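Here are the chains, one letter per residue:
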Amino acid sequence: MKTLIFLVLAVLGANAAVVKSPAARSNLNVGFIATGDRLLHSSYVYRPAMANAIQSENVSFNGNRTTRITAVQATEVGATQFASAWIFSGGIGQNSVTVRFQSSVGRGYYYLLRVWGR
Ligand SMILES: *[C@@H]1O[C@H](CO)[C@@H](O)[C@H](O)[C@H]1NC(C)=O
Ligand SMILES: *[C@@H]1O[C@H](CO)[C@@H](O)[C@H](O)[C@H]1NC(C)=O
């Protein structure tokens with residue numbers, strides 16, 4: 001009996017390790033929107049579910065020479081699909097940002113991506 005419980009725990013642990021995405025949570029919310037900041041970029045990032053697949057893509061916003069990004073938000077639309085979004089490069093205080101979106105196995109994602117700054 002003890003052996004069985006140990007096995008079950010071991011299997012659960014292994015599954016958790018596989019499903020976990022690198023340093024990411026469902027929603028991305030970094031930085032602070034201050035007075036005078038504007039919405040520099042807004043777009044929907046969508047992928048339908050695909051059997052047995054992990055889907056991913058990079059979405060970039062590139063400002064001009066003087067752009068300073070103050071906040072980056074990627075918010076799941078509707079019920080969570082346990083996807084992940086994280087900043088891959090650039091970001092707060094810079095003039096560009098690339099956000100990586102990644103689905104869970106067999107699922108899709110639907111995010112609203114917003115970049116704020118001045
Ligand atoms: C996103 O960008 C990284 C670095 O350029 C690249 O390795 C990766 O394949 C890209 N992913 C997708 C889904 O385009
Ligand atoms: C550069 O981008 C900022 C937004 O970050 C905008 O307010 C400004 O007008 C742009 N400047 C030029 C020269 O396009």
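As a starting point, this report considers the structure included with it. Since the model is a prediction, treat every value here as computed from it, not as a measurement. (Residues numbered from 1 in each chain as written. Chains lettered and ligands numbered in written order. Predicted model: local features only at pLDDT ≥ 70, side-chain atom pairs only at ≥ 80, totals over all residues.)

What surrounds ligand 2 is the set Leu-40, Gly-63, Asn-64, Thr-66, Thr-67, Gly-117 and Arg-118. Along the lines of polarity and charge, the residues of the shell around ligand 2 split into one nonpolar, five polar and one charged. (Near = placed C-beta within 6 Å. Nonpolar A, V, L, I, M, F, W, Y, C, P; charged D, E, K, R; others polar.)

This part takes up the nonpolar core. The biggest cluster of nonpolar side chains holds 16 residues, and the ones touching the most others in it are Ala-85, Val-99 and Val-115. No other element matches strand β7 (residues 109-117), which puts five residues into this core. (Core = buried A, V, L, I, M, F, W, Y, C linked by C-beta atoms within 7 Å. Buried ≥ 20, exposed ≤ 12 C-beta atoms within 10 Å, placed from the backbone. Helix = DSSP H or I, 4+ residues; strand = E, 2+ residues; numbered from the N terminus.)

Right, let's get into the environment of Leu-40. With respect to the element layout, Leu-40 can be found in strand β2 (residues 38-47). Overall, Leu-40 belongs to the buried group, with 20 C-beta atoms counted inside 10 Å. Taking the C-alpha atoms as reference points, Leu-40 and Thr-67, separated by 27 residues in sequence, lie 9.2 Å from one another. Sequence-distant contacts of Leu-40, that is, excluding residues within four places in its chain, are made with Phe-61, Gly-63, Thr-67, Val-115, Trp-116 and Gly-117. (Contact = placed C-beta atoms within 7 Å.)

For the rest of this paragraph, the subject is the sheet that holds strand β6 (residues 96-102). Pairing in this open sheet of three strands is antiparallel, and the strands run β3-β6-β5 from one edge to the other. Both outer strands of the open sheet, β3 (56-62) and β5 (84-90), are each paired with one neighbouring strand and no more. Neighbour-to-neighbour, the strand axes of the sheet open up by a mean angle of 25 degrees, direction not taken into account. Where β5 lies against β6, six bridges are found, and the strand directions are antiparallel. Within the sheet, the bridge partner assigned to Ile-87 lies in β6 and is Val-99. (Pairing = 2+ DSSP bridges. Axes fitted to C-alpha atoms, helices over the stretch in contact; angles between N-to-C directions.)

Just distances and angles here, no functional claims.
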